[in-house]
Amino acid sequence: MAGQSLQLAEPLMPVFSGRIESPSSELERLWKIALGNLRESSRRAYRARLLQITQWLGISLDVLPLLIIQSDTARFHAWVFEYREYLEHSRLSPATCNLTLAALTRVVGSLHQRQLITWTLSVRGFKAQRFRDTDGPTEAVVQQLICEARKNTLHPDRGARDEAIIRLAVSLGLRRSEVVMLDISDVQTTSVGVMFVDVQEKGSDEPRRMKVPRIAARAVAAWLTARAAFADDPDEPAPLFIRLTHTARKQRRAQRLTDEGMAHVLQRLQRRAGVADRVRPHGLRHRAITSFLEAGGTLVDAVAFARHTDPKTTMIYVDNLKKAAERAAEIVDGLFGE
């Protein structure tokens, strides 16, 4: 895999072999510099984005600022351009790729501003196309994905995780970043068995507490039972959804599932279920909102469910429903001939 050679890079070897001192307090100081005066919610979002590139590089997220300081501009740009090429051939949307590159550029810029490095990062983003298809996968396809997750008897922990991800995303209309940023501490169950999750929304400092519907709550509870077998980093929040690679399962070590990891989860289920059309993580949110409107939900309730700050955003879903109705009318009309 591209990027694995970084593990042999000279600046990194002492960090991981313990031959030099790299106290956690020093790494924390570098992160505070790297992320500047961002709000806590923004810090979490940036770290979630940067986790993707550090996992690709094969390093711990904590040492990323140290790696930048120890690298010269040519070496670091070579890694970033290689990672950009990897993103270009991935199935992530241009907007998602750009968010990761923007987060990395911000960190490098902050370290340069504090004169910890003498260079800045220059990397071209991807051209993003306006995506207005708000249908997402059909309800039948979502059911197929859930059934495929349940059929995973070889790795039941993966099946439990995948079903919990899908049901939680659809039932609450969650964005991909909101799913992967959930921690175990964000899940609360009352004495009468009602489950809530504290969702960290973009642009908000305070999480939003959301009641988890009954079926989705059962799926999350089943996953939490399987999740208990994995050990967490005591210095990091315990992520709700984790990677379940062969290595992670063998070592029983919990590593947060990334945005890209969630996309891979859906792609794997899609292939195994024989679904032809691509299923995107954000498509689950599209399906949730569209299904609510198709079931007769009002626009006011749809705005509240989608948590859109501007009702005009929700209106896109309504407009697409009207177009779907017009297409259906044309089809039915044609069935009876001239």
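For every chain, the first residue of its written sequence is number 1, and the numbers climb from 1 along that sequence. Local features in a predicted model are, by the rule used here, given only for residues with pLDDT of at least 70; side-chain atom pairs are given and counted only at 80 or more, and totals for whole chains, interfaces and linings are based on all residues. Note that water and hydrogens are dropped before the side-chain values are worked out from all heavy atoms of the structure.

### Describing helix H13 (residues 281-294)
So, point 1. Think of it this way: any DSSP run of H or I at least four residues long counts as a helix, any run of E at least two long counts as a strand, and we number them from the N terminus. Helix span is expected to be 1.5 Å times the residue number reduced by one. Under the 1.5 Å per step criterion, the end-to-end length of H13 is 20 Å for 14 residues, consistent within 8% with the ideal 20 Å.
So, point 2. The element H13 is largely enclosed, with a buried count of 11 among its 14 residues.
So, point 3. Burial classes follow relative accessibility: with a 1.4 Å probe on protein chains only, a residue under 20% of its type's maximum area counts as buried, one over 50% as exposed, and anything between as partly exposed. All of the buried residues in H13 are Pro281, Gly283, Leu284, Arg285, His286, Arg287, Ala288, Ile289, Thr290, Ser291 and Leu293.
So, point 4. Positive backbone phi, at 100°, marks glycine 296, one or two positions downstream of H13.

### What about the environment of proline 237?
So, point 1. With respect to the helices and strands, proline 237 occurs in the loop between helix H10 (214-227) and helix H11 (246-251).
So, point 2. Distance in space between the C-alpha atoms of proline 237 and leucine 182 is 9.5 Å, their sequence separation being 55 residues.

### Brief notes about the packing of helix H7 (residues 139-150) against helix H12 (residues 259-273)
So, point 1. An axis is simply a line fitted to the C-alpha atoms; with a helix, the fit covers only the stretch in contact. Between two such axes, the angle follows the N-to-C directions and lies from 0 to 180 degrees. H12 packs onto H7 with a crossing angle of 90° between their chain directions and a minimal axis gap of 9 Å. Regarding the angle of H7 to H12, the classification is roughly perpendicular. Between H7, through Gln144, Leu145, Glu148 and Ala149, and H12, the contact on the second element is made entirely by Leu266, Leu269, Gln270, Arg272 and Ala273.
So, point 2. Three classes are used: nonpolar for Ala, Val, Leu, Ile, Met, Phe, Trp, Tyr, Cys and Pro, charged for Asp, Glu, Lys and Arg, and polar for all others, with Gly counted as polar. The residue inventory of the contact of H7 with H12, partitioned by class, reads 5 nonpolar, 2 polar and 2 charged. Throughout this description, any angle smaller than 35 degrees is read as roughly parallel, any larger than 145 degrees as roughly antiparallel, any in the 65 to 115 degree range as roughly perpendicular, and the remainder as oblique. What makes two residues a contact is simply this: any of their non-hydrogen atoms within 4.5 Å.

### Let's talk about the packing of aromatic side chains
So, point 1. Pairing of aromatic side chains here covers Phe, Tyr and the six-membered ring of Trp, requires ring centres within 6.5 Å, and sorts the geometry by plane angle: under 30 degrees stacked, over 60 edge-to-face, intermediate tilted. Within the structure shown, the criterion is met by 6 aromatic pairs.
So, point 2. Among the aromatic residues, ring-to-ring pairing joins Trp56, Tyr83 and Tyr86 into one connected group.
So, point 3. The aromatic ring of phenylalanine 126 is capped on one face by arginine 84, whose charged end is 4.1 Å from the ring centroid.
So, point 4. Of note, arginine 252 hangs over the ring of phenylalanine 230, and the distance from its end group to the ring centre comes to 4.8 Å. The rule is short: NZ of Lys or CZ of Arg within 6 Å of the ring centre and within 35 degrees of the ring normal puts a charge over the ring.

### So, the pairing of strand E2 (residues 195-199)
So, point 1. For E2, the buried fraction is high: 4 of the 5 residues fall into the buried class.
So, point 2. Two strands qualify as a pair provided DSSP detects at least 2 bridges between them. Pairing of strand E1 (residues 187-189) with E2 involves 3 bridges; the strand directions are antiparallel. Across the sheet, valine 187 pairs through a bridge with valine 197, a residue of E2.
So, point 3. Taking the residues between adjacent antiparallel strands as the criterion, E1 and E2 are bridged by 5 residues, where glycine 193 takes a positive phi near 85°.

### Digging into the environment of proline 137
So, point 1. Position of proline 137 relative to the elements: it lies in the loop between helix H6 (94-113) and H7.
So, point 2. When the C-alpha atoms of proline 137 and arginine 278 are compared, they prove to be 8.2 Å apart, with 141 residues separating the residues in sequence.
So, point 3. Those residues in contact with proline 137 that lie beyond four places of it in its chain are Val142, Val279, Gly283, Leu284 and Arg287.

### Side note on the side chain of threonine 100
So, point 1. The topology assignment puts threonine 100 in helix H6.
So, point 2. The exposure class assigned to threonine 100 is buried, which follows from its relative accessible area of 2%.
So, point 3. Setting aside chain neighbours within four positions, we find threonine 100 in contact with Arg49, Leu50, Gln52 and Tyr83.

### Considering the pattern of salt bridges
So, point 1. Here, a salt bridge means any Lys or Arg side-chain nitrogen found within 4 Å of an Asp or Glu carboxyl oxygen. Under the criterion given, the structure shown has 19 salt bridges.
So, point 2. Linking glutamate 88 and arginine 84 is a salt bridge whose minimum nitrogen-to-oxygen distance equals 3.7 Å. In this pair, glutamate 88 and arginine 84 are both assigned in helix H5 (residues 73-88), 4 residues apart and thus about one turn of the helix distant.
So, point 3. Given the relative accessible area of 9%, arginine 84 is considered buried.
So, point 4. A salt bridge links lysine 151 to glutamate 148, with the shortest nitrogen-to-oxygen separation between them at 3.3 Å.
So, point 5. In this structure lysine 151 comes out as exposed when scored by relative accessible area, which is 56%.
So, point 6. Each of the salt bridges in this network shares a partner with another, and the network as a whole consists of Arg175, Glu178, Glu201, Arg208 and Arg307.

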